[in-house]
Amino acid sequence: MALEKFIIEGGHRLKGEVTVAGSKNAALPILAATILAEGPCSLGGVPRLRDVDVQARILQTLGVSVERDPLGRINTRIRSEEHSMAPYELVSMMRASFCVLGPLLAKRGYAKVSLPGGCALGDRPVDLHLKGLRALGAEIEIEHGYVVARAKKLRGANIYLGGPSGSSVLGTGNVMMAAVLAEGQTVIEHAACEPEVVDLANFLSAMGASIEGAGSHRIRIRGVRTLEGCSYDVIPDRIEAATLLMAAAMTGGEVIIKNIEPTHLEAVFDKFKEAGVGFTRNCRTVAVSMAGRPGEVEIATLPYPGFPTDLQAPMMALMCVGQGASVFTDGIYPDRLHHVAELKRMGARVLRVNNTCVVIGGERLQGAPVMASDLRAGAALVLAGLAAHGETHLRRIYHIDRGYENFEGKLNSLGARITRAPDDSPEKPPAL
Ligand code: EPU
């Protein structure tokens with residue numbers, strides 16, 4: 001893979017309208033759920049992203065054909081159920097691919113799926129996924145880095161899925177996708193309430209599953225014998241939407257964001273109000289208009305409907321140009337703070353103790369060579385570059401391509417100056 005970087009010329013105010021793509025984190029498990037369908041599925045709103053390409057490759061390995069039609073819809077169809085092994089090379093690229101475990105087990109009675117391993121956000125265990133599937137009657141062994149799961153017939157059960165940091169989004173999804181074909185009733189207690197879980201439940205219901213309570217902490221599922229293919233449209237990406245709103249606010253801009261579901265972003269709007277970020281929300285659009293610098297805020301990331309961990313880094317970038325001191329605590333991923341050192345290279349003043357950071361806002365950031373460590377850290381550094389004085393060279397933008405569709409294109413359409421260029425600087429091992 002040829003490496004690329006962004007060259008961001010800072011200091012341009014964003015202005016105009018932009019449309020948000022479908023949700024990455026809804027689309028990925030929904031793609032996994034197509035394994036359960038007897039007939040073809042047609043999905044609208046699946047964003048064009050590297051993570052979606054990886055999920056498609058995994059599905060193809062598992063005998064599912066995945067094609068994008070001229071209208072942009074993704075069409076899937078089961079070609080063969082012979083291979084139920086998701087290899088390390090693909091699963092280690094993207095954790096959401098671990099979500100094929102539940103559907104494979106439920107539909108084919110057997111699955112061998114690589115353990116994903118850690119990532120830039122920390123350990124990221126999968127114990128809750130395995131606990132839930134075992135409760136449904138699966139026999140699960142860990143063999144040479146792979147989860148090998150077998151079940152002649154899954155049976156409904158009462159499953160408590162709370163972990164040390166609360167609920168698990170993909171864990172809830174994985175167990176829900178297995179339970180829809182289990183015999184009898186399953187109740188998932190302490191289920192994740194994220195809109196992406198609701199979207200997955202809606203997709204499964206459109207296939208013929210019987211699910212109640214998605215969006216609450218208790219999901220009740222009555223198993224059915226088979227699921228049909230269906231046509232479905234994925235919800236808008238709330239994280240992309242909020243990132244674009246923050247980008248607009250950060251440049252003192254005036255931007256209208258279209259294809260947004262404002263009710264998915266209540267925690268963010270609450271913080272916008274606190275910080276004095278001006279916005280108007282309508283049914284499917286939000287307009288942001290920012291004059292001056294934002295005020296200080298205190299943010300602790302929490303499971304939905306709390307402030308999302310996926311927006312901690314972009315919001316921190318915004319507060320780097322705020323007035324006063326803002327406090328950030330990431331309770332979901334205590335190690336998700338790699339952007340802090342890079343923001344500091346751009347002149348940000350951030351003090352960190354464990355998983356808490358105090359950001360002392362300043363007038364202006366400075367352009368600098370920086371590096372993206374993960375998707376949202378990358379987005380935060382783009383935002384910082386937009387507001388910085390001078391040029392920012394952001395490396396490892398493949399992280400951004402995983403999760404933001406045409407990010408620089410959308411920002412440039414609003415007046416940003418971001419160029420994608422080959423990155424010829426040698427990849428070096430991390431300094432010790
Ligand atoms: N956890 C456990 N055991 C498990 C699973 C999770 O202890 O078996 C812990 C995690 O370590 C973490 C917390 O539970 O502390 C929440 O993790 P969760 O399982 O909810 O995360 P996930 O489902 O693996 C999804 C998103 C992430 C997002 C998190 C939290 C997808 C594809 N990924 O991950 O999105 O940060 O929920 O909202 O849906 C991103 O898009 O940049 C991203 C990382």
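Here's a quick rundown of the structure. (Residues numbered from 1 in each chain as written. Predicted model: local features only at pLDDT ≥ 70, side-chain atom pairs only at ≥ 80, totals over all residues. Heavy atoms only, no water.)

Time to look at the pairing of strand S13 (residues 218–222). Because side chains alternate across S13, one face comprises the buried residues Ile-219 and Ile-221, and the other comprises Arg-218, Arg-220 and Arg-222, none of which is buried. Bridge count for strand S11 (residues 185–189) against S13 is five bridges, and the pairing is antiparallel. Along S13, the bridge assignment pairs Glu-189 with Arg-218. Connecting strand S12 (residues 210–212) to the antiparallel partner S13 that follows it, the hairpin turn spans five residues, and Gly-213 within it adopts a positive phi of roughly 90°. (Buried < 20%, exposed > 50% of the residue type's maximum accessible area, 1.4 Å probe, protein only. Helix = DSSP H or I, 4+ residues; strand = E, 2+ residues; numbered from the N terminus. Pairing = 2+ DSSP bridges.)

Here the focus is the packing of helix H8 (residues 238–250) against helix H9 (residues 266–275). For the pair H8 and H9, the least separation of the axes is 11 Å and the interaxial angle reads 15°. The angle between the axes of H8 and H9 places the two elements in the roughly parallel class. You can see that H8 and H9 cross each other, and the crossing is right-handed. When H8 is examined against H9, the residues Ala-242, Leu-245 and Met-246 are found in contact with a partner set consisting of Val-268, Phe-269 and Phe-272. The residue inventory of the contact of H8 with H9, partitioned by class, reads six nonpolar, no polar and no charged. (Axes fitted to C-alpha atoms, helices over the stretch in contact; angles between N-to-C directions. Parallel < 35°, antiparallel > 145°, perpendicular 65-115°, else oblique. Left-handed = near helix turned anticlockwise from the far one by under 90°. Contact = heavy atoms within 4.5 Å. Nonpolar A, V, L, I, M, F, W, Y, C, P; charged D, E, K, R; others polar.)

This brings us to the pairing of strand S1 (residues 4–9). Pairing geometry for S1 and strand S26 (residues 417–422), over six bridges, is antiparallel. By the bridge assignment, Ile-8 is partnered in S26 with Ile-418.

Looking now at the sheet that holds strand S23 (residues 369–371). Strand order across the open sheet formed by four strands is S23-S25-S1-S26, with mixed pairing between neighbours. The open sheet has two free edges, formed respectively by S23 and S26, since each of these has just one partner strand. In this sheet, adjacent strand axes meet at a mean angle of 25° when their direction is disregarded. With respect to the sheet, helix H12 (residues 375–387) is in contact with S1, S23, strand S25 (391–395) and S26, its orientation differing from that of S1 by roughly 30°.

Around the ligand sit 23 residues, and of these Asp-127, Ser-168, Asp-310, Ile-332 and Arg-376 come closest. Within the side chain of Lys-24, a nitrogen or oxygen atom sits 3.0 Å from an oxygen atom of the ligand. The separation between an oxygen atom of the ligand and a polar main-chain atom of Pro-125 is 3.3 Å. Burial of the ligand by the protein chains amounts to 90% of its free accessible area of 830 Å². Those elements that provide at least two residues to the shell around the ligand are helix H1 (24–33), helix H5 (127–135), helix H6 (169–179) and H12. Looking at which element gives the most residues to the shell around the ligand, the answer is H5, with three residues. Its residues assigned to classes, the shell around the ligand shows 11 nonpolar, six polar and six charged. (Near = heavy atom within 4 Å. Polar contact = N/O pair within 3.5 Å; in protein donor to acceptor, adjacent residues only side chain to side chain. Areas by Shrake-Rupley, 256 points an atom, 1.4 Å probe, with all protein chains shown as cover.)

Moving on, we get to the packing of aromatic side chains. Per the stated rule, a full pass over the model turns up five aromatic pairs. Between the aromatic rings of Phe-269 and Phe-272, the centroid separation amounts to 6.2 Å while the plane-to-plane angle is 70°, which identifies the pairing as edge-to-face. Of this pair, Phe-269 and Phe-272 both sit in helix H9, separated by three residues, roughly a single helical turn. Both residues of the pair, Phe-269 and Phe-272, count as buried. Counting every residue linked through ring pairs, the aromatic cluster contains Phe-269, Phe-272 and Phe-279. Cation over ring: Lys-112 sits above Tyr-146, and NZ or CZ is 5.1 Å from the ring centre. (Phe/Tyr/Trp six-rings, centres within 6.5 Å; stacked < 30°, edge-to-face > 60°. Lys NZ or Arg CZ within 6 Å of the ring centre and 35° of its normal.)

Time to look at the pattern of salt bridges. Within this structure, the stated rule accounts for 22 salt bridges. A salt bridge links Glu-254 to Arg-13, with the shortest nitrogen-to-oxygen separation between them at 3.1 Å. With Glu-254 in strand S15 (residues 254–258) and Arg-13 in the loop between S1 and strand S2 (15–19), the pair connects residues that are 241 residues apart, well separated along the chain. Glu-254 sits in the partly exposed class, given a relative accessible area of 37%. Here Arg-13 falls in the partly exposed class, since its relative accessible area comes to 42%. (Salt bridge = Lys/Arg side-chain N within 4 Å of Asp/Glu carboxyl O.)

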